[in-house]
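# Summary of the model geometry
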Amino acid sequence: MSIAVVRVDDRLIHGQVVVGWGQPLGLGFIALVDDKVRGSGWEQDLYRMGVPPGMEAIFASVDEAARRYDDWVKDPRVGLLLVADVDTITALIAKIPRLRRVTLGGIHHKPGRAERLRYVYLTDEELGTLRALVRQGVEVVAQDVPTARAVPLGEFAP
């Protein structure tokens, strides 16, 4: 099928991703791209526990994801590519320039971040990075669940 969604969600695999996105889209796999998680067997085991039977969790570093992306796109199952932060999606797009749409999901409050939407908090630096992606032709939207309207970056962070 292909990669249905490229999502930035700092909680990575959790109920909203698995149920909220997974069931409506009929996900067959989640490709979790995170250098730290890729190197941590216990974290992978933890995330795997949140994935229901019939859905595979794939763990990759940014470099591995760049090498495996075409295989994921050709996979007959529907997939979701998932990263935790703006830096990772930016690094991934640098290695896979054909990634043209990014969906921001749960990016939660931490020091230095300001609320942009009720489920998206960004630092000025993160916002600048996302704006640079838009200037490069990447569509950046925020959408917490698939039934909600995808909100373009320019609407919530003009």
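What comes next concerns the included structure. All values reported here derive from a predicted model rather than from experimental measurement.

## Observations regarding the environment of alanine 150
With respect to the element layout, alanine 150 can be found in the loop between β8 (139-142) and β9 (151-152). Separated by 126 residues in sequence, alanine 150 and proline 24 have C-alpha atoms that sit 16 Å apart. Sequence-distant contacts of alanine 150, defined by excluding residues within four places in its chain, comprise Arg101, Val141, Ala142 and Gln143.

## Here's the deal with the environment of histidine 108
Checked against the element boundaries, histidine 108 lands in the loop between β5 (101-104) and β6 (114-117). Taking the C-alpha atoms as reference points, histidine 108 and arginine 11, separated by 97 residues in sequence, lie 8.8 Å from one another. Discounting chain neighbours no more than four positions away, the residues touching histidine 108 are Asp10, Arg11, Arg113 and Tyr121. Engagement of the side chain of histidine 108 in a polar contact is seen with the side chain of aspartate 10, the distance being 2.7 Å.

## Some remarks on the side chain of glutamate 126
Mapped onto the elements of the fold, glutamate 126 is located in helix α6 (residues 124-135). Polar contacts involving the side chain of glutamate 126 include one to the side chain of arginine 113, which spans 2.8 Å. Residues contacting glutamate 126, with those up to four places away along its chain left out, are Val86, Arg113 and Tyr121.

Definitions and cut-offs
- Residues numbered from 1 in each chain as written.
- Predicted model: local features only at pLDDT ≥ 70, side-chain atom pairs only at ≥ 80, totals over all residues.
- Heavy atoms only, no water.
- Helix = DSSP H or I, 4+ residues; strand = E, 2+ residues; numbered from the N terminus.
- Contact = heavy atoms within 4.5 Å.
- Polar contact = N/O pair within 3.5 Å; in protein donor to acceptor, adjacent residues only side chain to side chain.

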